[in-house]
Amino acid sequence: AARDAAQPQCLWIWDAFQAQLLALLVQLDSVTCARWRPLVAYKYETTVYDKMNVLAYCCGTSRIYFWSADAGPTWCDLPHNPETGVAIVVNSIQWSSDGNKLLCQGTEALCVANVYIDKTGACTGIIEKSRKVNSAMDKEAMEDIIEWN
């Protein structure tokens, strides 16, 4: 995936082996962060599927977007922060090493979403935890919140 500073609302998804454009994703807001899911097998109900390329990205709003070649674009809306009652605005995201969780970070709050991939390759996210961010938060506290597997 690539983004051009002159067109920050656009993400170009390329097939690097065939040097061809797979998709052009155009958002209303500027894309602030995009991350590919680690290539790991996933399970849907009782069936284990091969590795699935999924791109997660955010645009400084309370919505997380996903893209896969099989399902195209999908998204999930993040709930309001229980401490402030305000929607969590996400500027940065990071996958867990197993590709099942997504850390969604904003300037005032963060949350961890369990990411589910259905048999069509479509992604949805369910919020597991959220916490208000303060300036004294260190790496150990972040790892405690995230609880990576």
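Reading guide: rules and limits
Counting starts from 1 at the beginning of each chain's written sequence and moves along it residue by residue. For a predicted model such as this one, the threshold for reporting local features is a pLDDT of at least 70, and the threshold for listing and counting side-chain atom pairs is 80 or more; totals across whole chains, interfaces and linings nevertheless cover every residue. Computation of side-chain values: all heavy atoms of the structure, hydrogens and water removed. Helix numbering and strand numbering both begin at the N terminus, where a helix is a DSSP run of H or I of at least 4 residues and a strand a DSSP run of E of at least 2. Accessibility here uses a 1.4 Å probe with only protein chains present; expressed as a share of the type maximum, an area under 20% marks a residue as buried, one over 50% as exposed, and anything in between as partly exposed. We call two residues in contact whenever any of their non-hydrogen atoms come within 4.5 Å of each other. Note: two strands are recorded as paired if DSSP finds a minimum of 2 bridges between them. Axis lines are fitted through C-alpha atoms, for helices just across the contact stretch, and the angle between N-to-C directions can take any value from 0 to 180 degrees. The quantity called pLDDT is the predictor's confidence in a given residue, expressed from 0 to 100.

1. Considerations on the overall build of the protein chain
For the protein chain, the count of helices and strands is one helix and 13 strands. In sequence order, the protein chain lays out its α and β elements as β-β-β-β-β-β-β-β-β-β-β-β-β-α. When each of the 149 residues of the protein chain is scored for burial, the buried share is 38%. The long-range fraction of contacts in the protein chain, counting pairs at least 24 apart against all pairs at least 6 apart in sequence, stands at 41%.

2. Side note on the sheet that holds strand 2 (residues 7-15)
Spatially, 1-2-3 is the arrangement adopted by the three strands of the open sheet, whose pairing is antiparallel. Each edge of the open sheet carries a strand with a single partner, namely strand 1 (2-4) and strand 3 (20-26). Strand-to-strand twist of the sheet, defined as the mean angle between neighbouring strand axes without regard to direction, takes the value 30 degrees. Relative to strand 2, strand 1 runs antiparallel, the two being bridged by two bridges. Across the sheet, A2 pairs through a bridge with W12, a residue of strand 2.

3. Topic: the pairing of strand 8 (residues 63-68)
In terms of burial, strand 8 is largely enclosed, as five of its six residues are buried. Counting the residues in the hairpin turn of strand 7 (residues 55-58) and strand 8 gives four residues, including G60, whose phi is positive at 70 degrees. As paired strands, strand 8 and strand 9 (residues 72-77) are joined by six bridges and run antiparallel to one another. In the sheet register, R63 faces strand 9, and the bridge partner there is D77. Hairpin geometry of strand 8 and strand 9 is characterised by an intervening segment of three residues between the two adjacent antiparallel strands.

4. Some words on the sheet that holds strand 7
Picture the strands of a sheet paired through backbone hydrogen bonds; they go either parallel or antiparallel. Pairing within the open sheet is antiparallel, and its four strands lie in the order 4-7-8-9. Single-partner strands in this sheet number two, and they are strand 4 (33-36) and strand 9. Going across the sheet, the axis of each strand differs from the next one's by a mean of 20 degrees, ignoring polarity.

5. What about the pairing of strand 3?
Judged from the six bridges that link them, strand 2 and strand 3 form a sheet pairing that is antiparallel. Each bridged residue has a counterpart across the sheet, and for D15 the counterpart in strand 3 is Q20. Turn length for the strand 2-strand 3 hairpin, with the two strands adjacent in sequence and antiparallel, is four residues, and the turn residue A19 shows positive phi of about 50 degrees.

6. Some details on the confidence of the model for the protein chain
When pLDDT drops low, the exact placement of atoms in the prediction is not to be read closely. Chain-level pLDDT for the protein chain is 77 on average; 70% of the residues reach the 70-or-more range. Segment residues 135-139: pLDDT under 50, and five contacts once partners within four positions in sequence are set aside and those in other chains are kept.

7. Here we look at the environment of S62
Mapped onto the secondary structure, S62 falls in the loop between strand 7 and strand 8. Using a relative accessible area of 23% as the deciding quantity, one classes S62 as partly exposed. A C-alpha to C-alpha distance of 6.0 Å links S62 and D77, two positions 15 residues apart in sequence. If sequence neighbours within four positions are ignored, S62 has contacts with C76, D77, L78, A87 and I88.

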